[in-house]
Amino acid sequence: MSKSKISPCLWFDGKAEEAAHFYASIVPDSHVGQVHRAASAYPNGKQGDVLTVEFTVAGMPFVGLNGGPLFKFNEAVSFQLYTDNQAETDRLTDALSAVPEAEQCGWVKDKFGLSWQIVPRRMLELMSDPSPARAKRAMDAMMQMKRIDIAVVERAVKAA
């Protein structure tokens, strides 16, 4: 059981354990914890089915709930993964993006329908430049991208 006082609970349609293992295999400082099985039948499962899974992604605790097909993820909730370099940005984007047409400004949607934002720390620095003109150029460059390319953004920021 997590020692955290709060854990986001993500609703899956029977794939909570698969999702937990998927995320743990991709993101550093992640692992799958306890798997809880239903003590009796419930609306979308039977006794013995996986009901919830405790897992950690990037040090943050989550619970995956096999709640059935009633609710789906949407872009109103997403998780930001901060990256330290372009290689890490590209690796996480490639691993998590399952819906290429959903990619925009570093946002990706995974095979479970969950949205992620792959955010290079350098991008945040460039968009916070003390010069409003340079910060605007960084923002404008990023808004044209599906996947963030820091070298392209840095060139745009330096442009006169």
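What you see is a predicted model; the values in this text were computed from it and never measured. (Residues numbered from 1 in each chain as written. Predicted model: local features only at pLDDT ≥ 70, side-chain atom pairs only at ≥ 80, totals over all residues. Heavy atoms only, no water.)

Participant: If you had to explain the pairing of strand 4 (residues 60–66) to someone new, which residues and values would you point to?
Facilitator: Moving residue by residue along a regular strand, the side chains alternate between the two faces of the sheet. Within strand 4, five of the seven residues are buried, which leaves it mostly tucked inside the rest of the structure. As paired elements, strand 1 (residues 9–12) and strand 4 share four bridges and run parallel to each other. Each residue of the ladder has a partner; that of Phe12, found in strand 4, is Asn66. As judged from the six bridges shared by strand 3 (residues 50–57) and strand 4, these two strands associate in the antiparallel manner. (Buried < 20%, exposed > 50% of the residue type's maximum accessible area, 1.4 Å probe, protein only. Helix = DSSP H or I, 4+ residues; strand = E, 2+ residues; numbered from the N terminus. Pairing = 2+ DSSP bridges.)

Participant: Tell me about the pattern of salt bridges, and name the residues and values.
Facilitator: Under the definition given, this model contains 10 salt bridges. Arg122 is the salt-bridge partner of Glu125, the closest N and O atoms lying 3.0 Å from each other. Of this pair, Glu125 and Arg122 both sit in helix 3 (residues 121–127), three residues apart, which is roughly one turn of that helix. Here Arg122 and Glu154 are joined by a salt bridge, their closest N and O atoms 2.7 Å apart. Of this pair, Arg122 sits in helix 3 while Glu154 sits in helix 5 (residues 150–158), and the two are 32 residues apart along the sequence. The exposure class of Arg122 is partly exposed, given its relative accessible area of 35%. (Salt bridge = Lys/Arg side-chain N within 4 Å of Asp/Glu carboxyl O.)

Participant: Let's hear about the layout of surface pockets: which residues, and what values?
Facilitator: Counted as a void, the second largest pocket has a volume near 150 Å³. Along the walls of the second largest pocket sit Cys9, Leu10, Trp11, Phe71, Lys72, Phe73, Asn74, Val77 and Leu114, which together make up its complete lining. When grouped by side-chain class, the residues that make up the lining of the second largest pocket number seven nonpolar, one polar and one charged. (1 Å grid on protein atoms, 1.4 Å probe; cavity = no way out; pocket = protein on both sides within 12 Å on 5 of 7 lines; lining within 4 Å. Points joined across faces, edges and corners; volume = space filled by probe spheres on them. Nonpolar A, V, L, I, M, F, W, Y, C, P; charged D, E, K, R; others polar.)

Participant: Can you tell me about the packing of aromatic side chains, naming the residues and giving the values?
Facilitator: Geometry of an aromatic ring pair is reported as the spacing of the ring centres plus the angle between the planes. Applying the stated criterion to the full structure yields 11 aromatic pairs. Geometrically, the ring pair formed by Phe12 and Phe73 is edge-to-face, given 5.4 Å between the ring centres and 75° between the ring planes. Of this pair, Phe12 sits in strand 1 while Phe73 sits in the loop between strand 4 and strand 5 (78–83), placing them 61 residues apart in sequence. Owing to a relative accessible area of 3%, Phe12 belongs among the buried residues under this scheme. Since its relative accessible area comes to 21%, Phe73 is described here as partly exposed. Ring geometry for Tyr23 against Phe112: centres 6.0 Å apart, planes inclined by 75°, an arrangement best described as edge-to-face. Separated by 89 residues along the polypeptide, Tyr23 in helix 1 (residues 16–26) and Phe112 in the loop between strand 6 (107–109) and strand 7 (115–120) bring together distant segments of the chain. (Phe/Tyr/Trp six-rings, centres within 6.5 Å; stacked < 30°, edge-to-face > 60°.)

Participant: Summarise the sheet that holds strand 6; cite the residues concerned and give the values.
Facilitator: If you walk across this open sheet you meet the three strands as 5-7-6, and the pairing is mixed. Each of the sheet's edge strands pairs with one partner strand only, and the pair in question is strand 5 and strand 6. Pairs of neighbouring strands in the sheet enclose a mean axial angle of 30°, with direction left out of account. (Axes fitted to C-alpha atoms, helices over the stretch in contact; angles between N-to-C directions.)

The values are spatial; any link to function lies outside them.
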